Amino acid sequence: MNDKAKEENKRDYITFDLSLKALAKLDPKKLFKLLTNHFVKSVLPTEYQNLELRLDYVVELDNDDILHIEFQSINDPQMHIRMLNYFAVLKREFEDRNIIQIVLYIGDEKMNMKDTVTNYNMSYSFKLIDIRDLPKEELINSDSSADLIFAFLTRIVQDEALQ
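What comes next concerns the included structure.

Reading the values: the criteria
- Every chain is numbered independently, its residues counted from 1 as its sequence is written.
- Selection of residues for local features in this predicted model requires a pLDDT of at least 70, selection of side-chain atom pairs for listing and counting requires 80 or more, and totals for whole chains, interfaces and linings are taken over all residues.
- Values shown for side chains rest on all heavy atoms present in the structure; no hydrogens or waters enter the calculation.
- We count a stretch as a helix when DSSP gives it H or I for four or more residues in a row; a strand needs E for two or more, and each element gets its number in order from the N terminus.
- Categorising residues by exposure relies on relative accessible area from a 1.4 Å probe, with only protein chains included: less than 20% of the type maximum marks a residue as buried, more than 50% marks it as exposed, and the intermediate range marks it as partly exposed.
- We call two residues in contact whenever any of their non-hydrogen atoms come within 4.5 Å of each other.
- Salt bridges are counted wherever a side-chain nitrogen of Lys or Arg sits within 4 Å of a carboxyl oxygen of Asp or Glu.
- Only the six-membered ring of Trp is used, alongside the rings of Phe and Tyr, when aromatic pairs are assigned; centres must lie within 6.5 Å, and planes under 30 degrees apart are stacked while those over 60 apart are edge-to-face, with the rest tilted.

**Let's talk about the overall build of the protein**
Next up, step 1: Within the protein, the secondary structure is distributed over five helices and nine strands.
Next up, step 2: In the protein, the order of α-helices and β-strands from amino to carboxyl end is α-α-β-β-β-β-β-α-β-β-β-β-α-α.
Next up, step 3: Residues counted as buried form 41% of the 163 residues belonging to the protein.
Next up, step 4: Considering only residue pairs separated by 6 or more positions, the protein has 57% of its internal contacts joining residues 24 or more positions apart.

Next up, the structure:
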């Protein structure tokens, strides 16, 4: 693939990721319940300008935990480092709260990213979930249109439940 094609491909992935962020703002209730076993209490800021970081989606759950979701459509070999950076920012902001982090993979290739960072006296990890592994029936049966779109993204187009 030449450089021009690679750049166009990268723009397509960025556009897709932005679409997923917008979709999450439509409140896919079942999706978040499936990911955390809790409902969203409130949506929180995702931009930290002093650090030039922009997180995909951050919410407060009904148990007061903070949920951070990154939507990923390609395998990023540095995802584990990015998530550690995001964790540090969130922990600084919400020091006394539990931080739950999930990378929700919605890519065509097999998911193969690292979900841990270890060092001499430190260990960090986050949840790495392929959307195809979520129970599609619960998303389909939701009253949220956003959940239905996420159900479609589980690659179940042929399933009778969508017909």
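**Regarding the environment of Leu-44**
Next up, step 1: Mapped onto the fold, Leu-44 is located in the loop between strand E1 (40-43) and strand E2 (47-48).
Next up, step 2: For the pair formed by Leu-44 and Ile-66, sequence separation is 22 residues and the distance between their alpha carbons is 8.9 Å.
Next up, step 3: Apart from the residues within four sequence positions on either side, Leu-44 is in contact with Val-58, Val-59, Glu-60, Ile-66 and Phe-94.

**Considering the pattern of salt bridges**
Close approach of charged atoms allows side chains of opposite charge to pair.
Next up, step 1: If you walk through the whole model with that rule in mind, you get four salt bridges.
Next up, step 2: Across the salt bridge formed by Arg-82 and Glu-70, the nearest N and O atoms sit 3.5 Å from each other. Of the two residues, Arg-82 is situated in helix H3 (residues 79-93) and Glu-70 in strand E5 (residues 66-72); the sequence distance between them amounts to 12 residues.
Next up, step 3: Look at Arg-82 and you get partly exposed, because its relative accessible area is 26%.
Next up, step 4: Residue classification places Glu-70 among the buried residues on the basis of a relative accessible area of 1%.
Next up, step 5: Bridged by salt links that share partners, the residues Glu-70, Asp-76 and Arg-82 form one connected network.

**Some thoughts on the packing of aromatic side chains**
Next up, step 1: Summed over all chains, the structure comprises three aromatic pairs.
Next up, step 2: Centre to centre, the rings of Phe-87 and Tyr-124 are 5.6 Å apart; their planes meet at 50°, and the pair counts as tilted. Taken as a pair, Phe-87 in helix H3 and Tyr-124 in strand E8 (residues 122-125) lie far apart in primary sequence, 37 residues in all.
Next up, step 3: Residue classification places Phe-87 among the partly exposed positions, given a relative accessible area of 26%.
Next up, step 4: Taking the relative accessible area as the measure of exposure, Tyr-124 reaches 6% and is therefore buried.
Next up, step 5: Considering the side-chain rings of Tyr-124 and Phe-126, the 6.1 Å spacing of their centres and the 35° angle between planes classify their relative orientation as tilted. Comparing Tyr-124 with Phe-126 shows no difference in burial state: the two are buried.
Next up, step 6: The rings of Phe-87, Tyr-124 and Phe-126 are connected pair by pair, giving a single aromatic cluster.

**Regarding unusual backbone geometry**
Next up, step 1: Notably, Asn-37 is not glycine yet its phi reads approximately 70°, a positive angle.
Next up, step 2: Here Asn-37 is to be found in the loop between helix H2 (29-36) and E1.
Next up, step 3: In this structure Asn-37 comes out as exposed when scored by relative accessible area, which is 55%.
Next up, step 4: We note that Asp-64 has phi near 75°; this positive angle belongs to a residue other than glycine.
Next up, step 5: For Asp-64, the position within the fold is in the loop between strand E4 (57-61) and E5.
Next up, step 6: The class of Asp-64 is partly exposed, set by a relative accessible area of 34%.

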